[in-house]
Amino acid sequence: MSIEAHAVFAADEFVVEFGLDPKLVHRPTLSKERGEITAFYAIARIVGGGLQYDYMTRADVDAIRARSKAGNSGPWQTDYAEMGKKT
């Protein structure tokens, strides 16, 4: 099993589709000017070939951050992208 998480920036191409044929496409821009973080997602590759993914908007992550006792200090201040991926 493997799990990976990524931040999505405003200049990236990002498509999420649900339904009978779910799809997630993330093409990060190679520009230094990626813009603000807009979303996060995680992919879990399961032993035997299964695949699961989920995403959260920045607003979703910020709502969880607001409920955290450490939301305005520590790694939320210094490493926002990593905390967002962890969430």
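Numbers given to residues run from 1 along each chain, matching the order in which its sequence is written. pLDDT decides what is reported in this predicted model: residues at 70 or higher carry local features, side-chain atom pairs at 80 or more are listed and counted, and totals for whole chains, interfaces and linings draw on all residues regardless. Water and hydrogen atoms play no part in the side-chain values, which are based on all heavy atoms of the structure.

Asks: How would you explain the confidence of the model for the protein if you had to name every residue and give the values?
Replies: On average, residues of the protein score 94 in pLDDT, and 100% of them reach the 70 mark or higher. Across the chain, each position has a pLDDT score giving the predictor's confidence in that residue, from 0 to 100. Only DSSP runs of H or I reaching four residues or more are called helices, and only runs of E reaching two or more are called strands; each is numbered from the N terminus. Ranking the elements of the protein by mean pLDDT puts helix α2 (residues 75-78) last, at 91, and strand β4 (residues 37-45) first, at 97.

Asks: Please provide a residue-by-residue account of the nonpolar core, values included.
Replies: Nonpolar cores were defined as sets of buried Ala, Val, Leu, Ile, Met, Phe, Trp, Tyr and Cys residues, with membership established by side-chain atoms within 4.5 Å. Think of it in three bands: residues with accessible area under 20% of the maximum for their type are buried, residues over 50% are exposed, and the middle band is partly exposed, with areas taken using a 1.4 Å probe on protein chains only. Among the nonpolar cores identified, the biggest contains 8 residues, and these are A7, F9, I37, F40, V61, W76, Y80 and M83. Listed by contribution, the elements that provide at least two residues to this core are β1 (2-9), β4 and α3 (80-86). Residue contacts are defined here by distance: any two heavy atoms, one from each residue, within 4.5 Å place the two residues in contact. With near-sequence residues (within four places) excluded, Y80 lies in contact with I37, F40, R58, V61, D62, R65 and P75. V8, A39, Y41 and Y53 belong to the second largest nonpolar core, which has 5 residues in total.

Asks: Give me the sheet that holds strand β5 (residues 51-57): which residues, what numbers.
Replies: In short, DSSP must find at least two bridges between two strands for them to pair. One open sheet holds the 3 strands; their spatial order is β1-β4-β5, and the pairing between them is antiparallel. A strand with exactly one partner marks an edge of an open sheet, and here the two such strands are β1 and β5. The mean inter-strand angle of the sheet, taken between neighbouring strand axes irrespective of direction, is 15 degrees. Examined bridge by bridge, β1 and β4 share 8 bridges and lie antiparallel to one another. Pairing of V8 across the sheet is with A39, part of β4. Fitting a line to C-alpha atoms yields each axis, with helices limited to the stretch in contact; the angle taken between N-to-C directions then spans 0 to 180 degrees.

Asks: Talk me through the environment of D79; I want residue IDs and the actual numbers.
Replies: Mapped onto the elements, D79 comes out in the loop between α2 and α3. The spacing of D79 and M1 is 78 residues in sequence and 26 Å in space, taken between C-alpha atoms. Two N or O atoms count as a polar contact when they lie within 3.5 Å, although within protein this holds only if one can serve as hydrogen donor and the other as acceptor, and sequence-adjacent residues are included solely when both atoms are side-chain atoms. One polar contact links D79 to T78, side chain to side chain, over a distance of 2.9 Å.

Asks: Explain the packing of aromatic side chains residue by residue, including any values.
Replies: In summary, the pairing rule links any two rings of Phe, Tyr or Trp, Trp by its six-membered ring, whose centres are within 6.5 Å, and it sorts them by plane angle into stacked for under 30 degrees, edge-to-face for over 60 and tilted for everything else. If you walk through the whole model with that rule in mind, you get 6 aromatic pairs. Ring plane angle 55 degrees and centroid distance 5.8 Å describe the contact between W76 and Y80, whose orientation is recorded as tilted. Among the aromatic residues, those joined into a cluster by ring pairs are F14, F18, Y41, Y53 and Y55.

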